[in-house]
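Chains, contacts and geometry: an overview
Chain by chain, the residues run as shown.
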Amino acid sequence: MHFNFPRTLGQEDAKKRLSAALASGRFPHALLVHGEPGLGQLALLLDLAQILSCEDTATKPCGTCFPCRAFDASALETLHHLIPIVKNDRNSGSDDDEEAGPESGQIDELNESISLWHRHPYGYHVSEKAMVRTSQARELLGRLRFAENEGRVRVVVLPWLESLNDNSATILLKTLEEPPANVYFLIASDHRSGLMQTLLSRCLHLGLSPLSASDFRVAAETLSQRAQKPFAARLLPFAEGSPGLYVELLENDGEELLEEALRFLSATSDWRVFADYAAETSPGAEGMERTTRLLLFLLRMVRAYQLLKATTPANAGTRIDTAEALEQAGWDDSLAAYLGAIDAVADLQAFAAFLESAHRAVREYSKPSIALVGLFLEYEGKANRSVPA
Ligand SMILES: [Zn+2]
């Protein structure tokens, strides 16, 4: 028996382990695939769902049996999606309306979300505000129990375990404690630590790692083609081996962020420039979104720079010749100017700490621009102290 994972890029170790479990006939009835967002959890869930549903006896998925064709047409009745939806404002009075099923607008949202996931598993995101309602979990459980004696394999996919509210998590837990026959639960998660321990203990865990440099390049090329965009070699070092992150940068504003980061780094010698920046971009949610993205991108630049430095042993401890190091690392040499600007930061540790607190401040404070300027002054003070005059 041979198993294919047509949607999942890289992750050869995970595929090997899963193939062995599938071949042994002891595939877990609840699998939790976890890792940083964008590593391929959502592609892997779909591949596994199709493999488990396929009826071919030599190669799964075969692409031609009835379940495979239904799967490809997003019409497989034995595949159930537990998709988080953004709650309707009209229901905001009660935290979780147990009786009401999804309203028509939400059914559209569900269908659209499912379709996007299937078409574009690396570009699919669940909003942080979305959740799986109690009624959805209850209805699904009812359907699973109802068709229990038909003997057909059924698969439940849940793209983001964190989106279960307390009630739906309890329902899922009870279901996993006494699982219906022939049902597989395939679940993805990116922040396991905050989750219900009893629920986690019912699942077999499979962790995904960032892709190796060569796998990642191949994945990025494939995803660029699928997105019908030119391959962006300059963005690779900042996507940290995560195909989903690469797609996100490629499809949004990766190149612009790179330029903006350079402007920002050139300006950090004078905190007033930063204050102006914060004042300019702060009004409204859109400006803050932009600032958040820039801060995150700068953090990734710092990490890329540190990685470059660590993998260029001849230069350890001293300033690095960025162009030469880039060439050795196989990264685009036009990044020399950008990573060179990081090279010029006096106290990189203090700068990284500043970026992290600033990123938090932008998300959590009601007046983030004031908090940002305060944080920046604090950073400047530290950086100045640590540099010999
Ligand atoms: Zn098949």
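Below: a short report on this structure. (Residues numbered from 1 in each chain as written. Predicted model: local features only at pLDDT ≥ 70, side-chain atom pairs only at ≥ 80, totals over all residues. Heavy atoms only, no water.)

Comments concerning the coordination of the zinc ion
Around a metal, the perfect tetrahedron of four donors has angles of 109.5 degrees, and the perfect octahedron of six donors has angles of 90 or 180 degrees. For the zinc ion, every protein donor is listed as Cys54 (SG), Cys62 (SG), Cys65 (SG) and Cys68 (SG), and the spread of their distances is 2.3 Å. Note that the zinc ion binds four donor atoms; their angles at the metal cover 104 to 117°, and the shape is tetrahedral. Going along the chain, you hit the donors of the zinc ion in the pattern C-x7-C-x2-C-x2-C. Here Cys54 is found in the loop between helix H2 (41–53) and strand S3 (59–60), whereas its partner Cys68 is found in helix H3 (residues 66–72), with 14 residues between them in sequence. The exposure class assigned to Cys54 is buried, which follows from its relative accessible area of 4%. Exposure remark for Cys68: the relative accessible area of 0% places this residue in the buried category. (Donors = N, O, S within 2.8 Å, 3.2 Å for Na, K, Ca; no water. Tetrahedral: all angles 85-135°; square planar, octahedral: opposite > 155°, others 65-115°. Helix = DSSP H or I, 4+ residues; strand = E, 2+ residues; numbered from the N terminus. Buried < 20%, exposed > 50% of the residue type's maximum accessible area, 1.4 Å probe, protein only.)

Let's talk about the side chain of Glu162
By the element assignment, Glu162 lies in the loop between strand S7 (154–158) and helix H6 (166–177). Of the polar contacts made by the side chain of Glu162, one reaches the side chain of Ser189; its length is 2.9 Å. Setting aside anything within four residues of it in sequence, one finds Glu162 in contact with Ala188, Ser189, Asp190, His191, Arg192 and Leu195. (Polar contact = N/O pair within 3.5 Å; in protein donor to acceptor, adjacent residues only side chain to side chain. Contact = heavy atoms within 4.5 Å.)

Description of a negative patch on the surface
On the surface, Asp321, Glu324, Glu327 and Asp333 cluster together into a patch of negative charge. On the secondary structure map, Glu324 appears in helix H13 (residues 322–329). Classification of Glu324 by relative accessible area gives partly exposed; the value is 44%. (Patch = residues over 30% accessible without salt bridge, like charges linked within 9 Å, V, L, I, M, F, W, Y side chains within 5 Å. Areas by Shrake-Rupley, 256 points an atom, 1.4 Å probe, with all protein chains shown as cover. Salt bridge = Lys/Arg side-chain N within 4 Å of Asp/Glu carboxyl O. Lys, Arg positive; Asp, Glu negative; His and termini not counted. Charge placed at Lys NZ, Arg CZ, Asp CG, Glu CD.)

Concerning the pairing of strand S2 (residues 30–34)
The side chains of a regular strand alternate between both faces of the sheet. In terms of residue burial, S2 counts as a mostly covered element, since five of its five residues are buried. As defined by bridge partners, S2 adjoins strand S8 (residues 183–189) across five bridges and the pair is classed as parallel. In the strand pairing of S8, Val33 is matched with Ala188. Where S2 lies against strand S9 (residues 204–207), four bridges are found, and the strand directions are parallel. Bridge assignment links Val33 to a residue of S9, and that residue is Leu206. (Pairing = 2+ DSSP bridges.)

A short note on the sheet that holds S8
Consider a sheet: its strands pair through backbone hydrogen bonds, and that pairing is either parallel or antiparallel. In spatial order, the strands read S4-S7-S8-S2-S9; together these five strands make up an open sheet with parallel pairing. Since the sheet does not close on itself, it has two edges, and those belong to strand S4 (79–81) and S9, each with one partner. Going across the sheet, the axis of each strand differs from the next one's by a mean of 20°, ignoring polarity. Strands in contact with helix H5 (residues 134–146) are S4, S7 and S8; relative to S7, the strand with the most contacts, it is inclined by about 165°. Against the sheet, H6 engages S2, S7 and S8, with an angle of about 135° to S8. (Axes fitted to C-alpha atoms, helices over the stretch in contact; angles between N-to-C directions.)

Interpretation in functional terms is not warranted from these geometric data alone.
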